[in-house]
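Residue-level structure breakdown
Spelled out, the chains give:
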Amino acid sequence: MAFLQLANIKKEYNISRTETQQVLRNISVEFKQGELVALLGESGSGKSTLINILGGLDNNYTGSIILNDEFLKDFSEKQMDDYRKKRVGMIFQSYNLISNITVAENVKIAMKMCGVDEKIQTERALKLLKVVKMDHAAAKFPNQLSGGQKQRVAIARALANNPDIILADEPTGALDSRSAELVMLILKKIAESGKLVIVVTHSQKVAESCSRVVSIADGIIAQDVKAAGLNAKSRTRRAARAGSISTKNIMALAWKNLWRSRQRSLLVSIAMAIGIAAVILILSVSAGITSYVNEVLISGDESLRLEIENPDGVSFADSEIEAIEKLDGVSDTSDAAISKNNVNYAFKNIGGTLLTLTSAEGALPAAVAGGRPSEGQIYINEALAAELCDGEDASAAVGRQIELSMGKGEGVSLVVSGVYEDGSSYSAFACAYAERGVMEELYASVGRKLPLNRLIVEVESAQYLTAVSEDLQTLGYTVSGENSSLADILTYIDLGTIVLTAVGAISLAVSAIMIFIVLYISVIERTKEIGVMRAIGGSKGDIRRIFLFEAAFLGAIGGAIAVVASLLVAVIVNVCTASLGVNIVSYYYGIYYMVGLLLSVVLSVCAGVAPASYAASLDPVESLRRE
Ligand code: ADP
Ligand code: MG
């Protein structure tokens, strides 16, 4: 049974929509282990085409390739990746070393693809470089080497995972005769160690050093001549399952790629950082200004209450209070009373009916003279004060005594504690505040119970004022006491935040597009390298992951820059506005920084998906053709 058998291999290329070119018409040939085969043929005869098929880079052919009783066509994509990783090693005329990593790294990368232990990688790379007499240059970079030296490194790389088959496509094509001889000598030794080595050449001299010469012409095997045999060791080899490249190594590769074009990477990261920092700062400033409004402009919690009246004039039912307390943003309620057109007042020879007498609870309107009432006192509006003083200054009313009474009931005598500025629609009429006890006494005097028809609704924070007020109105209550200018300020802050966040979002979109473009360009620049990675066993997924990690790193760097920059801006702005007594850029919301960082990474990765998928989908044969 042959080690490697090709039966009726046919391959055609589409030249145009209608035209195809039959390159391989019918290739049937068998190879044994330990053979050093020269594949001869004119330029364009299909040698590279055949090598790429054998190397597992091109699956678009008909016919069968049977390796140790296994049909290549039956392999899954994963098995094909393994095949390229472990069972074939490829060598190209143009070396195809990866230029930004050292000679040793170039050899190790093939082992990395298989998830070989780092220590074994280093040992084995050095051993293989010794075999090809390149150990002295392990730390050099490919462009510091001559062509012959590069090709020897490429041979070491092809041997890295100890494959059964070495496929060399014109390995000496670009070399001077001395270098070519050395390369052929090494390949001969490799064949003697029991591997199948197939060397594409059109040099007769190279062909002569091989144990067998197979010629292709017109798409078939035209000649198959066995020369003096090599004394190959026959060896059987376990078909080892190849491992996969570790995430750590994928990340290391991605990082190296970014480092290679570090200026560009940094610029893109900064572009991303600008958008992210803008969003972080907008959110922090909005939070800062909101807390400024809440803490400084709204002194105490007196502005954080709304007052409602029961339209029926009777006490609020428990169920009504419960429903109100359940509203979003309501922290507490307390009952109070308002009596309309029930209570009469008398002072010397004047008198009348109070339009409203309200129980003095919580915040009262600001005083123009005196202050809020305590026991036995009354707090009157300017309209009533004017009546009492008859042309004198309103403050003269403070300290005067007035009688309140209801119907035929007994009156109560109260001292004016202060005069308030009435902002309500009742300001033209006599209105007053007194302690609840006074009102209860008045009602008792006519045998009635004071109805608790007024409710003071405490709101959690200023942001809720408008919403709670609207909810209460929806429930059918008349709302007073709302500090509408504050609610307006907060609404404007919210609006401003939304507008600015939209601007930030646009700049983020621009950054994401930049990352997309940069990665896309990078895929194009590195097309050949991607081909190499695929040829040495990298799976589509590996390639995709490399680019996704590059995107993630760009995002993480951008996010980190954004966090540092916005913290810096925050400190500077806060130091400059320290006199306001509140941090205008809030530090409080660490979450904004976390979100910024995360957003940066997620956005970059999203922007990287398309370029990464494009890179993964590149045809390895086409990629390797790139100059
Ligand atoms: P060789 O390596 O023997 O010089 P190749 O295998 O590279 O020849 O190419 C064989 C023929 O197939 C050539 O005529 C070439 O133009 C054609 N060919 C190779 N690759 C493609 C391709 N991707 N699309 C169309 N034609 C191709
Ligand atoms: Mg060729």
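No experiment lies behind these values; they were computed from the predicted model shown.

Rules and cut-offs
- Residues numbered from 1 in each chain as written.
- Chains lettered and ligands numbered in written order.
- Predicted model: local features only at pLDDT ≥ 70, side-chain atom pairs only at ≥ 80, totals over all residues.
- Heavy atoms only, no water.
- Helix = DSSP H or I, 4+ residues; strand = E, 2+ residues; numbered from the N terminus.
- Buried < 20%, exposed > 50% of the residue type's maximum accessible area, 1.4 Å probe, protein only.
- Contact = heavy atoms within 4.5 Å.
- Near = heavy atom within 4 Å.
- Polar contact = N/O pair within 3.5 Å; in protein donor to acceptor, adjacent residues only side chain to side chain.
- Areas by Shrake-Rupley, 256 points an atom, 1.4 Å probe, with all protein chains shown as cover.
- 1 Å grid on protein atoms, 1.4 Å probe; cavity = no way out; pocket = protein on both sides within 12 Å on 5 of 7 lines; lining within 4 Å.
- Sits in = over half its atoms within 2 Å of the grid points.
- Salt bridge = Lys/Arg side-chain N within 4 Å of Asp/Glu carboxyl O.
- Phe/Tyr/Trp six-rings, centres within 6.5 Å; stacked < 30°, edge-to-face > 60°.
- Pairing = 2+ DSSP bridges.
- Axes fitted to C-alpha atoms, helices over the stretch in contact; angles between N-to-C directions.
- Domains from an automatic or database assignment.

1. Structural notes on unusual backbone geometry
Its identity as a non-glycine residue notwithstanding, Asn96 has a phi of 55°, on the positive side. Relative to the helices and strands, Asn96 is located in the loop between strand S6 (88-92) and helix H3 (103-113). On the basis of relative accessible area, Asn96 is assigned to the buried category, the value being 4%. You will see that Lys133, though not glycine, has its phi angle at about 60°, which is positive. Overall, Lys133 belongs to the partly exposed group, its relative accessible area being 46%.

2. Looking at the environment of Ile350
For Ile350, the position within the fold is in strand S15 (residues 350-353). On the basis of relative accessible area, Ile350 is assigned to the partly exposed category, the value being 27%. Placed 20 residues apart in sequence, Ile350 and Val330 show a C-alpha to C-alpha distance of 43 Å. Among all residues touching Ile350, those that are not within four sequence positions of it are Tyr345, Glu387 and Leu388.

3. A word on the site of ligand 1
Around ligand 1, a shell composed of 13 residues is seen, among which Gly44, Lys47, Ser48, Thr49 and Arg625 lie nearest. Separating a nitrogen atom of ligand 1 from a side-chain N or O atom of Tyr13 is a distance of 3.5 Å. Ser48 is positioned such that a nitrogen or oxygen atom in its side chain is 2.7 Å from an oxygen atom of ligand 1. Coverage of ligand 1 by the protein amounts to 73% of the 560 Å² it exposes when considered alone. If you map ligand 1 onto the pockets, it falls in the second largest pocket. At the level of secondary structure, the elements contributing two or more residues to the shell around ligand 1 comprise strand S2 (20-31), helix H1 (47-54) and helix H18 (620-625). Here the shell around ligand 1 takes three residues from H1, the largest share from any one element.

4. Brief notes about the pattern of salt bridges
Enumeration according to the criterion identifies 21 salt bridges in this entry. Among the salt bridges present, the one from Lys205 reaches Glu181, with a minimum N-O distance of 3.3 Å. Here the residue Lys205 occupies a position in helix H7 (residues 204-208), and Glu181 occupies one in helix H6 (residues 177-192), the gap between them amounting to 24 residues. Its relative accessible area of 48% is what places Glu181 among the partly exposed residues. Connected via shared salt-bridge partners are Arg260, Arg526, Glu529 and Glu550.

5. Structural notes on the packing of aromatic side chains
On inspection of all chains with the given rule, the structure shows nine aromatic pairs. Centroid distance Phe75 to Tyr83: 6.3 Å. Interplanar angle 70°. Geometry classified as edge-to-face. For Phe75, a relative accessible area of 14% corresponds to the buried category. Tyr83 gets classed as buried once you look at its relative accessible area, which sits at 2%.

6. Focus: the sheet that holds strand S23 (residues 478-480)
The strand order across the open sheet built from four strands is S12-S22-S11-S23, with neighbouring strands paired in antiparallel fashion. Looking along the sheet, the strands with just one partner apiece sit at the ends: strand S12 (330-336) and S23. The average angle at which neighbouring strand axes cross in this sheet is 30°, direction not considered. Pairing analysis gives six bridges linking S12 to strand S22 (residues 454-459), with the strands arranged antiparallel. Across the sheet, Thr333 pairs through a bridge with Val457, a residue of S22.

7. With respect to the domain arrangement of the protein chain
According to the domain assignment, the protein chain contains domain 1 (4-244), domain 2 (257-297 + 489-625) and domain 3 (301-483). Centre-to-centre, using C-alpha coordinates, domain 1 lies 97 Å away from domain 3.

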